[in-house]
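# A structural walkthrough
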Amino acid sequence: MSEMNLKEAEPIHCQYTRTSPNCCTCLSSCRGIVAALVRRDLEKACGMEETVEKKTDVVVKGDAALKTQFLTTKDKFHEFVDSGWKGPKGHKTSDNDKPEEEKETSVEEPETKKFKVDPEERNKVGKPDGKRIRGQNKSRPHTKPNAFDEKRLCPSVIQDNKECTYGDKCIFLHDAAEYMGSKLADIGESCYLYDTFGKCAYGLSCRYAKAHTTPDFKTMENAELIKANEGRETVKNSLKKELQNQLRKRSVAFKKSEEYLKTLVNNKDKTQQLGNAVVSADPTGEEQRVSTEAETQASQDKQPPVKTIGPLTDEDVIKLRQCEKKQVDFQDKLYLAPLTTCGNLPFRRLCKRFGADITCGEMAMCTNLLQGQQSEWALLKRHESEDVFGVQVEGCFPDTMTRCAELINNNADVDFVDINSGCPIDLVYKKGGGCGLMTRNRKFEQIIKGMNHVLDVPLTVKIRTGVQEKCNIAHKLIPEMKKWDVSMITLHGRSREQRYTKLADWDYITTCSKLASPVPLFGNGDILSYEDAMKAKETGVSGIMIARGALIKPWIFTEIKESRHWDISSNERLDVLRDFSNFGLEHWGSDTRGVEKTRTFMLEWLSFMCRYIPVGLLERVPQKINERPPFYMGRNYLESLMASQHAGDWIRISEMLLGPVPKNFIFLPKHKANAYK
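It should be emphasised that the depicted structure is a prediction, and the values quoted were computed from it without experimental measurement.

This part covers the packing of aromatic side chains. Tallied over the full model, the rule gives twelve aromatic pairs. A ring pair is formed by Phe330 and Phe522, whose centres lie 6.5 Å apart and whose planes are at 85°; its orientation type is edge-to-face. Remark: Phe522 occurs in strand S10 (residues 521-524) and Phe330 occurs in the loop between helix H14 (314-317) and strand S2 (334-336); sequence separation between them is 192 residues. Since its relative accessible area comes to 3%, Phe330 is described here as buried. Exposure remark for Phe522: the relative accessible area of 0% places this residue in the buried category. With centroids separated by 6.2 Å and ring planes inclined at 65°, the aromatic side chains of Phe354 and Trp566 adopt a geometry described as edge-to-face. Here Trp566 lies in the loop between helix H25 (556-562) and helix H26 (570-588) and Phe354 lies in helix H15 (residues 345-354), a separation of 212 residues in the sequence. The residues Phe354 and Trp566 share a single accessibility class, namely buried. Taken together, the ring pairs connect Phe330, Tyr335, Phe416 and Phe522 into an aromatic cluster. The ring of Phe583 has Arg349 lying over it, and the distance from NZ or CZ to the ring centre is 3.7 Å. Directly above the aromatic system of Phe665 lies the positively charged group of Arg599, at a separation of 5.9 Å from the ring centroid.

We now examine the pairing of strand S6 (residues 389-394). Within S6, six of the six residues are buried, which leaves the element mostly enclosed by the surrounding structure. Where strand S4 (residues 364-365) meets S6, two bridges bridge the pair, whose relative direction is parallel. Across the sheet, Met365 pairs through a bridge with Glu394, a residue of S6. Pairing between S6 and strand S7 (residues 416-421): four bridges, direction parallel. When the sheet's bridge partners are listed, Gln392 is paired in S7 with Asp418. A crossover links S6 with its parallel partner S7, the connecting element being helix H18 (residues 398-411), and its sense is right-handed.

A few words on the UniProt feature "zinc finger region: C3H1-type" (unreviewed entry) in the protein chain. This chain's UniProt record puts "zinc finger region: C3H1-type" (unreviewed entry) on residues 148-177 and 190-215. Structurally, residues 190-215 is divided into 23% helix and 0% strand, and its ends, taken at the C-alpha atoms, are 16 Å apart.

Every buried residue of helix H22 (residues 506-516) is accounted for by Trp506, Tyr508, Ile509, Thr510, Cys512, Ser513 and Ala516. Check the buried side of H22 and you find it contacts helix H21 (474-483), strand S9 (488-492), S10 and helix H23 (530-537). Two or three places before Asp507, at the opening of H22, Asp505 has a side-chain oxygen 3.3 Å from that residue's backbone nitrogen.

On to the confidence of the model for the protein chain, then. Scored by pLDDT, the protein chain has a mean of 80; 72% of the residues are at 70 or more. When pLDDT is averaged over each helix and strand of the protein chain, the minimum, 39, is found for helix H13 (residues 284-301) and the maximum, 97, for H15. Of the regions scoring below 50 in pLDDT, residues 113-135 engages in eight contacts with residues more than four places distant in sequence or in other chains. Low confidence marks residues 673-677, where pLDDT is under 50. Its contacts with residues over four positions away, or in another chain, come to 17 contacts.

Rules used throughout
Residues numbered from 1 in each chain as written. Predicted model: local features only at pLDDT ≥ 70, side-chain atom pairs only at ≥ 80, totals over all residues. Heavy atoms only, no water. Phe/Tyr/Trp six-rings, centres within 6.5 Å; stacked < 30°, edge-to-face > 60°. Helix = DSSP H or I, 4+ residues; strand = E, 2+ residues; numbered from the N terminus. Buried < 20%, exposed > 50% of the residue type's maximum accessible area, 1.4 Å probe, protein only. Lys NZ or Arg CZ within 6 Å of the ring centre and 35° of its normal. Pairing = 2+ DSSP bridges. Right-handed = clockwise from strand over helix to strand, strands pointing away. UniProt positions renumbered as here; feature names shortened; annotations may be inferred. Contact = heavy atoms within 4.5 Å. Polar contact = N/O pair within 3.5 Å; in protein donor to acceptor, adjacent residues only side chain to side chain. pLDDT = per-residue confidence, 0-100.

If you want it as structure tokens, here you go:
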């Protein structure tokens, strides 16, 4: 190197102290520092392999803390589950045994949640057409349950060989022997309906027909059980055919609703007239205003004639006061939230057995109820075990909501009616319903007052903290709802925009509960253990509503009432699923259509239940609702299978209870977890 280059070259510095080794003042201290840092680097290098080997022991942020001996990797977990699986009949299955349809439609477990990106980056990584990526599984396949039966038996043959009204034009089979030859194999040896009620209404079409069919294809009956269940009405609020026809023809009379809606029109006209009178500036304006008030007073004195049949009673001419209506004790109760899809009648029966005090039907659209849609009225059905039961309706206009309330009041057996003012989905919100009602105070007031006018039972409201994430409005709305005579308020501690990405704001719920007093206020959000429930009760709320926590583990009601953590075994959980399947067969039917409907609802529930982590496996108790379960091996094979987030493994669990799935069966979960960080 030339002399010129030597002069221009930068001085060499120590890689640890960043000082020159020729510096006499720092040389001694530099040697000690260098020795320590080199020793640290050597320890890192030596422990590199050990860290790689123990990478499964490292707790990932957002994952639940499990004992290290149970943790595993994704590949090892699925290898173990696949190798240990035995088919519904007990024999092991391999990849070659699976039908081609199942291989093609196999669904992997949901990917880890992706973090929100900036708007500029979203434009780079978004869809080619520039549309914003929203929602999941919106295009999932919908297979009708009756598509699984290639040949169906005519209902006239099932119902004791009655004459078929369609004659030669009937598209169903009438030969019992031919049907039994082509029918899918029976699932089990005993029929739950026959063992419980003494008779199976599905006869030869039942998937457990061997239990109650004679060799000559006749359906047997148990006279003792039939007599014991005589007059018993297990399910109420079914839609009668006569009422359905009247609703379709729009011939149902809504007397109380029309009475209230006329007052809204009259009040609107009065407001306009008074406004015009006050705005008038000429001397005749005062006379016009006075005459308008006189006309108003005269119109109030003239009551419309009461049209009734039979004797005139006080109820015909005097409206019930709020204190005279049927009362429900909401204090210190555990309330199972109205859950769309999963909160069906068989699931509510399970929760009642585990200790739920109050149950509520799934959200029903008021317009669909007024049209007499059978599928919507099915959401109002009530089981005999539901002692305190309500229905939840959704709507955005005073006329439809008031008429719907009167329809329910006259034709359904309920203890209260709930208004859904917390639904966040776009389909409802953009029409002004759900969360949209929280920003439409005048319409909200008219809806509540109108429904209170026609109902003989308490009216409750479910709301969120607000619409925008950092703009709470519930505290402004609650004092107004007290004036509107609401019997109970339920507050979900999240906004519409927030959804489930952050924890519920229980501090805000505490503030709102003080504002609501003496009206009962229930808190809702992130309750997954009795400890969470105890902390929630300390906020001063009147009761607790439980939603996702009940889906993940329905025995949470027992844990709260007994103040303990229940380390429930995998066999006990399988028994819970077996009870659900029996309740489902009773509710939806034991034929192929009912079996597959029961299976579909069970699979939807398993998409939540798989998030449960057994207490004995947790490093830290209790499990938090926003913690993602890592891959882990259970204490036995069934516990590992129930921990799988693969839809194919949920189908395996359903096959243990409801037999093998049909060849053309496809399932994608409706909901995917968005609460994992």
